[in-house]
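Residue-level structure breakdown
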Number of protein chains: 2
Amino acid sequence: MRTQDQPSVGRALPAVIVAIVIALAAPAPTLQDPLPSWNDGPVKRSIVAFVAAATTPGDPGFIPPAERVAVFDNDGTLWTEQPMYVQSAFIRDRLRALALQHPELLENPAVRSALGDEGGNRGGGGNGGGDGESSRSEPSAELLSALADAHAGWTVEQFERAVLDWLATARHPRFHRPYTDLVYQPMLELLRYLEENGFQTWIVSGGGADFMRPWVDSVYGIPRERVVGSTVVVQYELRDTVPVLVRTPRIEFVDDAEGKPVGIHRAIGRRPAAAAGNSDGDRQMLEYTAGGTRARLMLLVHHDDCEREYCYDRESAVGRLDTALDEARARGWTIVSMKRDWKVIYPFERGSAGRHPGGRRR
Amino acid sequence: MRTQDQPSVGRALPAVIVAIVIALAAPAPTLQDPLPSWNDGPVKRSIVAFVAAATTPGDPGFIPPAERVAVFDNDGTLWTEQPMYVQSAFIRDRLRALALQHPELLENPAVRSALGDEGGNRGGGGNGGGDGESSRSEPSAELLSALADAHAGWTVEQFERAVLDWLATARHPRFHRPYTDLVYQPMLELLRYLEENGFQTWIVSGGGADFMRPWVDSVYGIPRERVVGSTVVVQYELRDTVPVLVRTPRIEFVDDAEGKPVGIHRAIGRRPAAAAGNSDGDRQMLEYTAGGTRARLMLLVHHDDCEREYCYDRESAVGRLDTALDEARARGWTIVSMKRDWKVIYPFERGSAGRHPGGRRR
């Protein structure tokens, strides 16, 4: 690899031309820096030191390759979760569409609440919350259950198609971009950096596994089988002699809080060497990782950038960060300040052609 | 790669020396044959044709790399399951050891039945079956539940240690070898062959995920996270401030029959391109694979070799193969005759130093 200090091509060219070419060129990516969107500082240095030790045989921080498992929360850790979880927006929009076809859905108070004013049901239900209400809350158990009901009987392929169709047209209310544009460039770099150093990266999210799997490969470069998430019970059926898997309305597993270490054990069967989260729902996953005996990295993303993204922690209904922040401080986990540690938040801020590092396959 | 027809090194040497060297050399591994332990015939040819097409862009049988998922049953498909499932032998031996320390366990009829005559409880319980009974049956729900009870409160690490300790000393009653010696050499070759052609190999077994994960990497070369199996509910707990996962006595998921496609969806999130099984418990997994729209391979191992292994199908309590055999014949799935299609059954029959192909990492 070449650096700007040793432009071998320049030896055959007049120095002035070289200087002009360099000056006109877009800022060259610093090949030596695996985390170019991270500002220099203690956080970046602790990440790099962890990885350097993990990959240096003989170092006390060395981690055998098979044990290099890194788990990432999704909402608020890899992409923006404000002003409402993306999956909540999907649920709201799905319900809205379904309610047009099946007005009886509006008899469910949770559905009316989720649709709020925009649902065309203003004044129709005493229990219906306004937009503010519905966009503040995370999906309630009733709402999830309403959606599960609405999608009961769908094959997993039909559900996947609905997710992809929605993502193709839905836009974030503030940034007016597809939700999949609102992923964090520094975290994409961290995923690639860990993978290049032999780590297996996984998503461990409270969101639905079937909601995430269709797009994690193209958006994060993480293959769909490396997704641990909440699930509904699915059933094996023959439909016109074709064997299919059909969604039922029953919640099978909630991959949040205490559920995250459980989901990790179920899917991976190993205690992770690195974990990244941003909310109290990630506390147990971070604790579980911290409880290992080898070197490990616990990363907590703190949303403290009101201008470029959102600032919220202890009081937020979406992605509340309270006890996990205290624990991170008490135990010396690595707390990422989005404001201080990240040069850019989103890939599109870089203004380059490539939106972000492409999907890298195992 | 060189072939014997074009020994380029030979051009510089007298032909007679070349002939002597070739004659004296140990039989060279046939570099062209990825499945040396498989006899030539329609079964081997159908496997090779499937893989060749799957990896040839433009071929109607081409499968994009991300979709090359191959799932393998374990008991009776990758290793010997007679005269009793290996996990049943583990359960019996564990119960025997536990009953010495906790005689109250013998109050459970399922435990007495499992221990049978050898349990030191002869005549002690009207419900206790003899050895023949206990070694014929698959683990009953009561027995599994008794073992789950016995291990309730254990951390997943403690359970893993018990599995490895047991495997290190337990011996198969007929072959007098560790159970992990009794894996099928032709299937190990098939695993490696598929992996070398970009397939991701998974184990999808009715056995316990926690029972298999500790050793699948060293024995099959399949990393522990690519195991789908039956599970008990585990709970997240802090023990002396250390976060651990603790086994409960509750069965969470039975990865058998209809459960196999469900387990595949939960863990992999994709319909497989290839599946191998040997019993009615694999029927739905094979059907589900067959229901795909791309090229796919359905393999059924038929235990018809009474001399080298065991012969059993429709009448067997362990690994019964009845409806799946009919379906395989009706639909033209690939039926492997162990007697006709396999040159050797076990790695040790080859008599070489290396027991079997080593664990290959992703």
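Just above sits the structure.
Being a predicted model, the structure only gives us computed values, none of them experimental.

**Re the pattern of salt bridges**
All names here are of chain B. All chains considered together, the criterion is met by 42 salt bridges over all chains. Of the charged contacts, one joins glutamate 195 and arginine 192 as a salt bridge, the two residues approaching to 2.9 Å between their closest N and O atoms. Separated by 3 residues within a single helix, glutamate 195 and arginine 192 lie in helix α8 (residues 185-196), roughly one turn from each other. Residue glutamate 195 is classed as buried on the basis of its relative accessible area, which comes to 10%. Arginine 192 gets classed as buried once you look at its relative accessible area, which sits at 6%. A salt bridge links aspartate 326 to arginine 314; the nearest nitrogen and oxygen atoms lie 3.0 Å apart. Pair noted here: aspartate 326 is in helix α13 (residues 323-331) and arginine 314 is in the loop between β6 (297-302) and α13, with a separation of 12 residues, a long-range link. A residue is classified by how much of its surface remains accessible, and arginine 314, at 25% relative accessible area, is partly exposed.

**Observations regarding the state of the cysteines**
All names here are of chain A. Overall, the coordinates contain 2 disulfides over all chains when judged by the stated rule. The disulfide partner of cysteine 306 is cysteine 311, and the gap between their sulfur atoms is 1.9 Å. Looking along the S-S bond of the cysteine 306-cysteine 311 disulfide, the torsion reads about 110°, which is the right-handed sense. Overall, cysteine 311 belongs to the partly exposed group, its relative accessible area being 39%.

**Some remarks on the side chain of threonine 80 of chain B**
Residues and elements named next belong to chain B. Within the secondary structure, threonine 80 is located in the loop between β1 (69-72) and α3 (86-101). By relative accessible area, which is 2% here, threonine 80 ends up buried. Side-chain polar atoms of threonine 80 contact the side chain of glutamate 309, separated by 2.8 Å. A polar side-chain atom of threonine 80 sits 2.5 Å from a polar atom in the side chain of tyrosine 346. With near-sequence residues (within four places) excluded, threonine 80 lies in contact with Val86, His172, Leu182, Tyr184, Glu309, Tyr310 and Tyr346.

**Regarding the sheet that holds β6 of chain B**
Residue and element names in this part refer to chain B. The strand order across the open sheet formed by 7 strands is β4-β3-β2-β1-β5-β6-β7, and the pairing between neighbours is mixed. Strand pairing shows two members of the sheet lacking a second neighbour, β4 (242-253) and β7 (334-337), which therefore form its edges. Between one strand axis and the next, the sheet turns through 30° on average, direction left out of account. Bridge count for β1 against strand β2 (residues 200-208) is 4 bridges, and the pairing is parallel. The partner of valine 71 across the bridge, within β2, is tryptophan 202.

**Section: the relation of the copies chain B and chain A**
Least-squares fitting of chain B to chain A yields an RMSD of 0.0 Å, with the superposition described by an axial translation of 0.0 Å and a rotation of 180°. Considering both components of the superposition, the chain copies are consistent with a two-fold axis. Minimal C-alpha separation from the rotation axis in chain B is found for alanine 267 of chain B, amounting to 3.2 Å. Mapped onto chain A, 100% of the interface residues of chain B again fall at the interface, so both copies present the same surface.

Basis of the calculations
Residues numbered from 1 in each chain as written. Chains lettered and ligands numbered in written order. Predicted model: local features only at pLDDT ≥ 70, side-chain atom pairs only at ≥ 80, totals over all residues. Heavy atoms only, no water. Salt bridge = Lys/Arg side-chain N within 4 Å of Asp/Glu carboxyl O. Helix = DSSP H or I, 4+ residues; strand = E, 2+ residues; numbered from the N terminus. Buried < 20%, exposed > 50% of the residue type's maximum accessible area, 1.4 Å probe, protein only. Disulfide = S-S within 2.5 Å. Polar contact = N/O pair within 3.5 Å; in protein donor to acceptor, adjacent residues only side chain to side chain. Contact = heavy atoms within 4.5 Å. Pairing = 2+ DSSP bridges. Axes fitted to C-alpha atoms, helices over the stretch in contact; angles between N-to-C directions. Least-squares fit on C-alpha atoms with pLDDT ≥ 70 in both.

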